[in-house]
Amino acid sequence: MRKRFYSVCIATLLIAGATPMKAQFNIGKAASGAVKVAKAATLTDADMANYVKEYVAWLDKNNKVCDARSPYTKRLNKLTQGLTNVEGIPLNFKVYYVTDVNAFACPDGSVRVFSSLMDLMTDEELLGVIGHEIGHVAHKDSKKRFRTSLLTSALKDGLAATNGKAAALTDSQLGELGESLLNATYSQKQESQADAYGYEFLKENGKNPWAIALSFEKLKKLEEDQGIQKEGKWKRMFSSHPDLDKRIKTMSKLATKDGFARPENKMPEKIEPEKTTSTSQTTNKQDTKKTSTGKKPVGKKPAPKGKRR
């Protein structure tokens, strides 16, 4: 059974110019606070790398990661074949088996795609999401945002690097960092730059860059089908910053000009839920911990009778 995503992600599907569910993050106030805290917390590139690594490890530990046998993992691996690095940063991909519809990329090249998003998108559309998020990594947008959030949340009390080594964060501090990242947004310029970089990145790596436009088209359709105000998880995904119609037009015109044919863009075969065998109604802590590491095969919970997913 899929659970909700534990904590929050770094790039809450900002491919759609997402607005967080909670109050808008005050960039000006955050920047001002960062300057003050920076006097007590000097973060080197090595410190940043350690904190990013720690945060990604924490997310992977606290969310169900699909293992190598999962159809979701096999699909993502096939889709991202050949995408090994960006600007010298090695890329690694994993699927979170959660109910939330999302995807994100971290400054260290860790890309996490949610299974529920994979249920809604074609391979081309998913590739567009991934390409855009990789664009944020390449332009170091993810790194800058992570650093600001780190200084104004987890390190706000002056926790600093000790003896040249970044101090480990507590679960509480990691949670605060996640909340800060959720409430932060990219500028319209950063979004447009990520679009352009993602397009070129896919093209240079042998992928059809039409994927960027197709992903925007799907997000617009979801927006029209669901309505921004109907449900929180959808509201977080959509906004007009920057405008989806304009981004669709820009990316599709560029792909056509470059001689790429619009792909058929069909949904893949539906991933059926895997049958699970239960020998006991009770689950001890050891079993729970084992499940959360992704050691067991993952699959969807069968839909209730009379309902169709």
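Only a predicted model underlies this, so the values are computations on that prediction, with no experimental measurement involved. (Residues numbered from 1 in each chain as written. Predicted model: local features only at pLDDT ≥ 70, side-chain atom pairs only at ≥ 80, totals over all residues. Heavy atoms only, no water.)

A. Expanded view of helix α2 (residues 45–62). With 18 residues, α2 should cover 26 Å at 1.5 Å per step; its first-to-last C-alpha distance of 26 Å lies within 8% of that length. In the core, the buried residues of α2 are packed alongside β3 (92–96), β4 (103–105), β5 (110–114), α6 (141–154) and α7 (171–183). (Helix = DSSP H or I, 4+ residues; strand = E, 2+ residues; numbered from the N terminus. Expected span 1.5 Å × (residues − 1). Contact = heavy atoms within 4.5 Å.)

B. α7, seen in detail. The terminal C-alpha atoms of α7, which comprises 13 residues, lie 19 Å apart, in line with the 18 Å expected from a rise of 1.5 Å per residue. All of the buried residues in α7 are Gln173, Leu174, Leu177, Gly178, Ser180, Leu181, Leu182 and Asn183. (Buried < 20%, exposed > 50% of the residue type's maximum accessible area, 1.4 Å probe, protein only.)

C. Spotlight on the side chain of Thr80. The topology assignment puts Thr80 in the loop between α3 (71–79) and β1 (85–86). On the basis of relative accessibility, which here comes to 7%, the residue Thr80 falls in the buried class. For Thr80, the side chain forms a polar contact with the main-chain oxygen of Leu76, separated by 2.8 Å. Every residue in contact with Thr80, bar those within four places of it in the chain, is listed here: Phe93, Ile130 and Lys207. (Polar contact = N/O pair within 3.5 Å; in protein donor to acceptor, adjacent residues only side chain to side chain.)

D. Spatial organisation of the side chain of Ser149. Relative to the assigned elements, Ser149 resides in helix α6. According to the relative accessible area criterion, Ser149 is buried, its value standing at 1%. Of note is the side chain of Ser149, whose polar atom sits 3.2 Å from the side chain of Ser180. Leaving out residues up to four positions away in the same chain, Ser149 has contacts with Ala154, Leu177, Ser180 and Leu181.

E. How the structure looks around the packing of aromatic side chains. Tallying each qualifying case throughout the model produces seven aromatic pairs. Here Tyr96 and Phe114 contribute two aromatic rings whose centre-to-centre distance is 5.8 Å and whose plane-to-plane angle is 35°, an arrangement assigned as tilted. Of this pair, Tyr96 sits in strand β3 while Phe114 is found in strand β5, placing the two residues 18 residues apart along the sequence. The residues Tyr96 and Phe114 share a single accessibility class, namely buried. With centroids separated by 6.2 Å and ring planes inclined at 85°, the aromatic side chains of Phe104 and Phe114 adopt a geometry described as edge-to-face. (Phe/Tyr/Trp six-rings, centres within 6.5 Å; stacked < 30°, edge-to-face > 60°.)

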